[in-house]
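Residues per chain are reported as follows:
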Amino acid sequence: MATAIEVPLSIAPMMDRTDRHYRYFMRQITRHTLLYTEMVTAQAILHGDRDHLLGFTPSESPLVLQVGGDDPRMLAISAHAATDFGYDAINLNVGCPSDRVRSGNFGACLMAQPERVAEGVAAMMSASPLPVSVKHRIGIDDRDRYEDMATFVDIVAQTGCRHFTVHARKAWLQGLSPKDNRTVPPLRYGDVHRLKRDFPYLWIEINGGLTRLEQVTEQLAQVDGVMVGRAAYDNPYLFSQVDQGFFADPRAPLSRQQVAEAMLPYIDHWVRQGLKLNKITRHMLMLFAGQPGSRLWKQTLTEESSKPGAGVEVVRQALTAVQRQSEIQAQLGSFV
């Protein structure tokens, strides 16, 4: 039985963001970064349309299914389903602070119930040969001492779970929205570094507030892996540098234009299946962030992708606008 996927860099599971279309898009930019699904509840997996909830394109791998839940039986079924669908690993969400998640007794509130988490993890490990990991916070509410987190990790690790992804910000479950919990309270990277020192036999991955590759390099001197969240969505082409920089892949990355062109057959396939174009292009809006023509790219995709019958011609139109703007910028630069 595998115990962890040991890679230096991953993209965080993000609700309404890391769906299959975003993940396929990111695979055109980085071949090796570990990707995660949005959180899927164990109850949804038990009762819902699994093909819709769990389906993915093989090229998205390596890919981890993130599950939310606290019932060991349901979590075991989820782990078994992850195996059947061909996922590379499964992750238990013990970090989400939203009221909806808390009302279901999963997410960050489970940090107060380490034995319950351990039961769920053990059930998943018994049901599947896949590596099982836990994503959690450094603490919740007033239960935020380093010793509280260390006790949580120690209890869960006794199941044989070896991979812990730690969001270095505690969650306030009373009085703060999930949005506010992304910036308040302050980050405490030192607690995660200490956790690695105290549990050297575990694979400790850090998450929270990391937006630059220089920060990733700095963190890898202290922990085993780094998980990047919102920066991977707001500046996706940042990851064009990571295969060479962190995975020793000598191949040159695709250019931004090549990435967009590589998406065209995929887009055409899904549009022919009846999917609205903007379900895919919404993830591509920031591809040209900081580049000449970025505004035109976003404007064209935003305005045209939602129209009935919109297809790959919209992306081609947006690419042409970017290219023209780049040529204008180059011409202006030649006169300087």
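Quick notes on the rules
Residues numbered from 1 in each chain as written. Predicted model: local features only at pLDDT ≥ 70, side-chain atom pairs only at ≥ 80, totals over all residues. Heavy atoms only, no water. Helix = DSSP H or I, 4+ residues; strand = E, 2+ residues; numbered from the N terminus. Rg over C-alpha atoms; globule rule 2.2 N^0.38 Å. Buried < 20%, exposed > 50% of the residue type's maximum accessible area, 1.4 Å probe, protein only. Contact = heavy atoms within 4.5 Å. Salt bridge = Lys/Arg side-chain N within 4 Å of Asp/Glu carboxyl O. Axes fitted to C-alpha atoms, helices over the stretch in contact; angles between N-to-C directions. Left-handed = near helix turned anticlockwise from the far one by under 90°. Nonpolar A, V, L, I, M, F, W, Y, C, P; charged D, E, K, R; others polar.

Draft legend 1. The overall build of the chain, seen in detail. For the chain, the count of helices and strands is 15 helices and 9 strands. Since a compact globule built from 336 residues should have a radius of gyration of about 20 Å, the 21 Å found for the chain is in line with a globular shape. Viewed in the frame of its principal axes, the chain has a C-alpha envelope of about 65 × 45 × 45 Å. In the chain, which comprises 336 residues, the proportion classed as buried is 54%. Taking the intrachain contacts of the chain between residues at least 6 apart in sequence as the baseline, contacts between residues at least 24 apart amount to 73%.

Draft legend 2. Here's a closer look at the pattern of salt bridges. For the structure on display, the rule yields 18 salt bridges. One salt bridge connects Asp16 with Arg282, and the closest N-O pair in it is separated by 3.5 Å. Of the two residues, Asp16 is situated in the loop between strand 1 (9-11) and helix 1 (20-27) and Arg282 in the loop between helix 13 (278-281) and helix 14 (294-304); the sequence distance between them amounts to 266 residues. Its relative accessible area of 52% is what places Asp16 among the exposed residues. The partner of Asp268 in a salt bridge is Arg272, with the nearest N and O atoms 2.9 Å apart. One end of the pair is Asp268 and the other is Arg272, both in helix 12 (residues 256-272) and 4 residues apart, which spans about a single turn.

Draft legend 3. Region of the structure containing the packing of helix 4 (residues 72-85) against helix 6 (residues 114-127). Put simply, helix 4 and helix 6 touch, their axes get as near as 8 Å, and they point 35° apart. You can see that helix 4 and helix 6 cross each other, and the crossing is right-handed. Between helix 4 and helix 6, the residues in contact are Pro72, Leu75, Ala76, Ala79 and His80 and Arg116, Glu119, Gly120, Ala123, Met124 and Ala127, respectively. In the contact of helix 4 with helix 6, the residues fall into 7 nonpolar, 2 polar and 2 charged.

Draft legend 4. Geometry of the side chain of Thr33. Along the chain, Thr33 turns up in the loop between helix 1 and strand 2 (35-36). Non-local contacts of Thr33, meaning those with residues more than four positions away in its chain, are made with Leu9, Ser10, Ile11, Arg27, Pro62, Phe239, Val242, Asp243 and Phe247.

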